[in-house]
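# Chains, contacts and geometry: an overview
Now for the letters of each chain:
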Amino acid sequence: LSPKEILGDLERSLRHLGVDRIDLYYLHRDDPGRPVEEIMDTLHGAWRAGHVRYVGCSNWRAERLRQAQAYATREGWPGFVANQALWNAAALNPEARADKTTVPMDADLLAYHRQTGMAAVAYSSQAGGLFQKMAEGRLPAPRPGRPELYPRGENARRLERIRRIGAEAGLSITQV
């Protein structure tokens, strides 16, 4: 997330989309090795130049969001309007994530969103179709020696709750 990388990616996105401004420009990952001030300065420059209307982030931890938003506020700038995290109804084993740069919704991040009202955008909102596959008996067998991202025991209990809610509300598993 150096200024050169952000602005280069932004320029390519504008060109590929054939637009002068991107309505919501996301940073897909954080770079904890870079100061949030440098990142926010770069994004503010893009905003001031009219290249982005709003900025969001994905896979940022609550503490980094707090730092970035506090800096933008001190400078009188707009900060992030949305944050996207790995979030769904499934119980997650964070240690089983293949990509350790992804950030699942955790208690601290959820509390941050509730406190600030910043939009929380879920990705993998269906957990890869986990509950539908479980309901249809199509879940592949666990791989020996490899932890499951979505542990079966707790998620089987969650599936039963989802089924009950669906039956009461007239909704499918996927809709719940």
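Okay, so let's go over this structure.

Conventions adopted
Residues numbered from 1 in each chain as written. Predicted model: local features only at pLDDT ≥ 70, side-chain atom pairs only at ≥ 80, totals over all residues. Heavy atoms only, no water. Helix = DSSP H or I, 4+ residues; strand = E, 2+ residues; numbered from the N terminus. Expected span 1.5 Å × (residues − 1). Buried < 20%, exposed > 50% of the residue type's maximum accessible area, 1.4 Å probe, protein only. Arc of directions from axis to C-beta. Contact = heavy atoms within 4.5 Å. Salt bridge = Lys/Arg side-chain N within 4 Å of Asp/Glu carboxyl O. Pairing = 2+ DSSP bridges. Right-handed = clockwise from strand over helix to strand, strands pointing away. 1 Å grid on protein atoms, 1.4 Å probe; cavity = no way out; pocket = protein on both sides within 12 Å on 5 of 7 lines; lining within 4 Å. Points joined across faces, edges and corners; volume = space filled by probe spheres on them. Nonpolar A, V, L, I, M, F, W, Y, C, P; charged D, E, K, R; others polar. Core = buried A, V, L, I, M, F, W, Y, C linked by side-chain atoms within 4.5 Å.

It is worth spelling out helix 6 (residues 152–169) at this point. Under the 1.5 Å per step criterion, the end-to-end length of helix 6 is 25 Å for 18 residues, consistent within 8% with the ideal 26 Å. Asn155, Leu159, Ile162 and Gly166 are the residues of helix 6 that are buried. Each buried residue of helix 6 sits inside an arc of 65° when the element is viewed along its axis, so together they form one side. Turned more than 90 degrees off the buried face of helix 6, the exposed positions are Ala167 and Glu168. On its buried side, helix 6 packs onto helix 5 (130–135). Just downstream of helix 6 lies Gly170, where phi reads positive at about 70°.

Taking 1.5 Å of rise per residue, 15 residues should cover 21 Å, and helix 1 (residues 3–17) covers 21 Å from first to last C-alpha, within 8% of that figure. Looking at helix 1, one finds that the buried residues are Ile6, Gly8, Leu10 and Leu14. Buried residues along helix 1 sit in contact with strand 1 (22–27), helix 2 (36–48) and strand 2 (52–58). Immediately beyond the C-terminal end of helix 1, within one or two residues, lies Gly18, with a positive phi of roughly 70°.

For the rest of this paragraph, the subject is the pattern of salt bridges. As enumerated under the stated definition, the model contains 15 salt bridges in all. A salt bridge links Arg66 to Asp108; its shortest N-O distance comes to 2.8 Å. Here the residue Arg66 occupies a position in helix 3 (residues 62–75), and Asp108 occupies one in helix 4 (residues 107–116), the gap between them amounting to 42 residues. Classification of Arg66 by relative accessible area gives partly exposed; the value is 28%. By sharing partners, the salt bridges in this structure join Glu154, Arg157, Arg158 and Arg161 into a single network.

Side-chain direction in a regular strand flips from residue to residue, so the side chains alternate between the two faces of the sheet. Taking burial as the measure, the seven residues of strand 2 include five buried ones, the bulk of the element. Across five bridges, the pairing between strand 1 and strand 2 is parallel. Looking across to strand 2, one finds that Leu24 is bridged to Tyr54. Direction of pairing for strand 2 relative to strand 3 (residues 80–86): parallel, over a ladder of four bridges. Bridged to Gly56 within strand 3 is Ala82. This β-α-β element, strand 2 to helix 3 to strand 3, shows right-handed connectivity.

Our focus in this paragraph is the layout of surface pockets. One water molecule sets the probe size; rolling that probe over the atoms shows where empty space is left. Space inside the largest pocket adds up to approximately 520 Å³. Looking at the largest pocket, it is lined by 19 residues, and the ones nearest its centre are Pro147, Glu148, Leu149, Tyr150 and Arg152. By residue class, the composition of the lining of the largest pocket is 11 nonpolar, one polar and seven charged. There is about 180 Å³ of room inside the second largest pocket. Forming the walls of the second largest pocket are 14 residues, and the residues nearest its centre are Ser125, Gln126, Phe131, Ile173 and Thr174. If one sorts the elements of the lining of the second largest pocket by residue count, helix 5 sits on top with three residues. Residue composition of the lining of the second largest pocket, grouped by class: seven nonpolar, seven polar and no charged.

Where a protein is soluble and globular, its nonpolar side chains tend to be buried together. Leu27, Leu43, Trp60, Leu65 and Phe80 are the most contacted members of the largest nonpolar core, which totals 28 residues. The set of elements that each furnish at least two residues to this core consists of helix 1, strand 1, helix 2, strand 2, helix 3, strand 3 and helix 4. When sequence neighbours within four positions are dropped, the list of residues in contact with Leu27 reads Leu1, Ile6, Ile39, Leu43, Gly56, Cys57, Ser58, Trp60 and Phe80. Counting 10 residues, the second largest nonpolar core, distinct from the first, contains Ala90, Ala127, Met134 and Ile173.

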